[in-house]
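Residue-level structure breakdown
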Amino acid sequence: MKGRVLAPGLAEGTALRLDEPLSFWGGVDPATGEIIDARHPQRGVSVAGRVLVMPSVRGSSSSSSVLAETVRAGCAPAAILLGEPDLILAVGAAVAEELYGVRIPILHLATADLASITDGTMVTVDEGGAVTLG
Amino acid sequence: MRLVVRAAEALGADRLIPITRAHVDSCLYHGEATIDFAERLLDGGAQVSVPTTLNVGGLDLLHPELWHGDPGAAERGRLLMNHYRTLGCQPTYTCAPYQLAAARPAFGEQVAWAESNAIVFCNSAIGARTERYGDFTDIACAITGRAPHAGLHRTDARRAVLVLRLGADIPPGLLDDGSLYPVLGIVLGRRAGSRVAAIDGLPPGVSEERLKAIGAAAASSGAVAMFHAVGSSPEAPTLEAALQGQEPDELVEIRLGELRAARDELTTSAGGAPAGTPIGTVSLGTPHASLAELRAVERELGGASPAAGVELLVSTSRGLLAEAEEEGLAQRLRAQGVELLVDTCSYIAPVLRSSPLPAMTDSGKWAFYAPGNIGVEVVFGSLRECVRSAVQGRVWRDDAPWGVA
């Protein structure tokens with residue numbers, strides 16, 4: 001499958017499929033990568049090094065900063081696969097690359113493709129937005 | 001400019017358009033990455049090219065004595081706020097720039113605003129146009145004076161595609177109760193996600209405070225950047241206008257049960273915090289209180305003060321605090337034991353006194369984020385319920401508007 005590239009990069013990691021939308025600001029501790037949103041069903045799970053599968057987005061415009069800070073702190077997700085395009089995360093990734101030379105690919109995938117990625121699957125993302133499972 | 005172009009590519013824009021103003025959220029400290037970015041801009045000699053207001057920062061610069069946290073963190077927050085002043089931004093430090101006459105855009109104006117609640121208000125209550133911008137993009141647009149010609153800058157994208165119709169089982173009295181509006185916002189965010197929705201069935205001329213409460217909650221539970229309150233939003237004198245003459249993709253009836261459930265979920269405190277539950281704190285003013293809301297706090301206090309040991313804190317902007325001081329309102333509130341916080345918010349800065357008891361709020365957004373951000377249990381209620389609860393030191397409920405016996 002192939003996604004539209006919102007931020008380019010290479011990544012490999014196991015999928016973390018979010019059961020509910022998550023705002024990075026107020027939802028992820030940028031020092032640890034842990035989900036801290038009190039109402040989120042996956043509270044306590046870490047996004048660090050995972051390929052985050054987010055069918056929909058929500059929340060704060062500070063999420064760009066929080067994503068960049070997780071990169072600086074070394075606990076960013078490996079990649080983010082979105083069901084709808086999100087400028088706020090794409091720009092967070094662009095700034096992290098500019099400041100720290102670390103690229104977190106962010107892709108927008110078709111709904112059916114995104115739905116086929118189950119939690120825990122090994123996912124590889126390439127520069128052009130191709131996504132390989134298993 | 002590279003960031004603005006990157007944003008334009010992500011949004012699929014065909015070109016950039018000039019903007020008249022910007023509102024920048026990047027001045028809130030979230031770790032060293034936020035400082036590193038601002039210093040990169042400063043090193044390049046950047047300056048904003050359009051009038052630019054600043055969102056809340058990490059601390060109250062006018063009342064530093066309210067800070068109860070690590071002094072080192074306060075210094076980093078202060079440094080970042082100063083960096084954005086050096087870039088040419090105005091030190092407004094408010095999440096509600098639309099409440100400042102000088103910062104408020106006119107109908108139809110193209111602007112680049114960040115801060116999720118301000119974005120929704122700008123589009124939905126003023127009819128000025130901004131896409132849902134975030135940190136870094138906001139200052140990049142302010143420096144270049146440009147924004148991508150995409151999303152809500154375009155008339156076609158402002159059409160409501162979802163209609164939320166208020167059910168016939170909603171008691172008319174509930175429409176007069178302040179606690180309905182943040183709850184309705186939570187439901188709107190969940191139902192709409194990032195789509196533009198029209199809310200049909202509200203009375204005409206809903207106040208700006210209530211539109212603000214809907215928007216702030218909807219941008220917390222969803223990614224809402226615009227909604228139409230039919231009969232109140234400037235682009236929605238009628239439902240047909242909100243739909244731009246087309247059919248909606250979806251029409252949903254919002255019944256009382258869904259609203260009641262959303263209201264209950266805003267309270268995280270054990271057992272739903274029935275009347276009589278002791279509370280430690282009441283936090284109002286998220287988004288920043290308007291003068292009308294500050295006056296409502298005084299009216300509801302009715303000359304009383306918060307109970308011993310209970311903190312009643314209201315956040316507002318330094319601009320409106322100056323006006324409240326001019327009319328004596330701020331002095332009267334303080335004399336009655338109300339703490340007034342500016343430049344920041346009580347779920348960002350460590351300002352609330354530590355208490356093992358739950359905190360009460362009238363804000364859907366505060367109820368949404370405070371448990372994760374500052375580790376408090378939350379009780380949600382109307383402004384009246386909050387102020388009376390502060391005076392009694394225990395949860396006071398008026399369930400009648402909700403049709404609860």
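These numbers were taken from a predicted model, which means no experiment stands behind them.

Turning our attention to the overall build of chain B. A count of helices and strands for chain B gives 14 helices and 14 strands. In terms of its C-alpha atoms, chain B occupies a principal-axis envelope of roughly 60 × 55 × 40 Å. Split into buried and exposed, the 405 residues of chain B put 55% on the buried side. The contacts of chain B with a sequence gap of at least 6 include a subset with a gap of at least 24, amounting to 79%.

The next point concerns the sheet that holds strand 6 (residues 162–166) of chain B. All names here are of chain B. Across the sheet, four strands lie side by side as 8-7-6-9; this open sheet has parallel pairing. Looking along the sheet, the strands with just one partner apiece sit at the ends: strand 8 (227–229) and strand 9 (250–254). When strand polarity is set aside, the average angle formed by the axes of neighbouring strands in this sheet is 20°.

All names here are of chain B. Here the bond from threonine 286 into proline 287 is cis, since omega is -10°, no more than 30 degrees from zero. Structurally, proline 287 is set in the loop between strand 10 (281–284) and helix 10 (291–301). Of note in the backbone geometry, tyrosine 93 takes a positive phi value of approximately 45° without being a glycine. Non-glycine residue aspartate 343 carries a positive phi angle of around 70°. Assignment of secondary structure puts aspartate 343 in the loop between strand 12 (338–342) and strand 13 (359–361).

For soluble globular proteins, the rule of thumb is that nonpolar side chains tend to be buried together. The biggest cluster of nonpolar side chains holds 173 residues, and the ones touching the most others in it are A:Leu81, A:Ala90, A:Ile106, B:Leu188, B:Ala197 and B:Phe227. No other element matches helix 2 (residues 87–100) of chain A, which puts nine residues into this core. In this view, A:Ile106 contacts A:Leu6, A:Ala7, A:Ile80, A:Leu82, A:Leu89, A:Ala90 and A:Ala93; residues no more than four positions away in its chain are not counted.

Quick look at the environment of A:Thr14 now. Residue and element names in this part refer to chain A. Here threonine 14 shows up in strand 2 (residues 11–17). For threonine 14, a count of 13 C-beta atoms within 10 Å puts it in the partly exposed group. Measuring from C-alpha to C-alpha, the distance between threonine 14 and threonine 118 comes to 9.6 Å, with 104 residues separating the pair along the chain.

Residue and element names in this part refer to chain B. Spanning 16 residues, helix 3 (residues 71–86) covers 23 Å between terminal C-alpha atoms, matching the ideal 22 Å at 1.5 Å per step. Buried within helix 3 are the following residues: Ala74, Gly77, Leu80, Met81 and Tyr84. Along the long axis of helix 3, the arc covered by the buried residues comes to 125°, so they all point the same way. Facing away from the buried side of helix 3 by over 90 degrees, the exposed positions are Pro71, Gly72 and Thr86.

Let us now look at the domain arrangement of chain B. Residue and element names in this part refer to chain B. Assigned domains of chain B: these are domain 1 (2–154), domain 2 (159–265) and domain 3 (267–402). A straight line from the C-alpha centre of domain 1 to that of domain 2 covers 27 Å. Each partner contributes to the interface: domain 1 provides 15 residues, whereas domain 2 provides 16 residues. Across the side of domain 1 that touches domain 2, the residue classes break down as eight nonpolar, five polar and two charged.

Residues and elements named next belong to chain B. The strand order across the open sheet built from five strands is 12-11-10-13-14, with neighbouring strands paired in parallel fashion. Across the chains shown, the open sheet's two edge strands, defined by having one partner strand only, are strand 12 and strand 14 (378–380). Shown here is a sheet whose adjacent strand axes are inclined to one another by a mean of 25°, direction ignored. Both strand 13 and strand 14 contribute to a ladder of three bridges, which runs parallel. Within strand 14, the position partnered with alanine 359 by the bridge is valine 378.

Let us look at the confidence of the model for chain B. Overall, the predicted model of chain B reaches an average pLDDT of 96, with 100% of residues at or above 70. The ipTM for the predicted assembly is 0.93, set against a pTM of 0.95.

For the rest of this paragraph, the subject is the pairing of strand 6 (residues 122–125) of chain A. Residues and elements named next belong to chain A. Residues of strand 6 alternate between two faces, with Val123 and Val125 buried on one and Met122 and Thr124 left unburied on the opposite face. Inspection of the sheet shows strand 2 paired to strand 6 by four bridges, in the antiparallel sense. If you follow glycine 13 over to strand 6, its bridge partner there is valine 123. Where strand 6 lies against strand 7 (residues 131–133), three bridges are found, and the strand directions are antiparallel. The residue bridging threonine 124 from the neighbouring strand is threonine 132, located in strand 7. Hairpin connection from strand 6 to strand 7: five residues lie between these consecutive antiparallel strands, with glycine 129 at a positive phi of about 95°.

As a further point, take the packing of helix 10 of chain B against helix 14 (residues 383–392) of chain B. All names here are of chain B. One way to put it is that helix 10 packs onto helix 14 with a least axis distance of 9 Å and a crossing angle of 50°. Classed by the angle they form, the pair helix 10 and helix 14 counts as oblique. Regarding helix 10 and helix 14, the two cross each other, and that crossing is right-handed. On the side of helix 10, the interface is formed by Ala296, Val297, Glu300 and Leu301, while helix 14 contributes Leu383, Arg384, Val387, Arg388 and Val391. Residue classes in the contact of helix 10 with helix 14 are distributed as six nonpolar, no polar and three charged.

Residue and element names in this part refer to chain B. Within helix 5 (residues 137–144), eight of the eight residues are buried, which leaves it mostly tucked inside the rest of the structure. For helix 5, the complete set of buried residues consists of Thr137, Asp138, Ile139, Ala140, Cys141, Ala142, Ile143 and Thr144. Phi turns positive, to about 70°, at glycine 145, one or two residues after helix 5.

Cut-off values and rules
Residues numbered from 1 in each chain as written. Chains lettered and ligands numbered in written order. Predicted model: local features only at pLDDT ≥ 70, side-chain atom pairs only at ≥ 80, totals over all residues. Helix = DSSP H or I, 4+ residues; strand = E, 2+ residues; numbered from the N terminus. Buried ≥ 20, exposed ≤ 12 C-beta atoms within 10 Å, placed from the backbone. Contact = placed C-beta atoms within 7 Å. Pairing = 2+ DSSP bridges. Axes fitted to C-alpha atoms, helices over the stretch in contact; angles between N-to-C directions. Core = buried A, V, L, I, M, F, W, Y, C linked by C-beta atoms within 7 Å. Expected span 1.5 Å × (residues − 1). Arc of directions from axis to C-beta. Domains from an automatic or database assignment. Nonpolar A, V, L, I, M, F, W, Y, C, P; charged D, E, K, R; others polar. pLDDT = per-residue confidence, 0-100. Parallel < 35°, antiparallel > 145°, perpendicular 65-115°, else oblique. Left-handed = near helix turned anticlockwise from the far one by under 90°.

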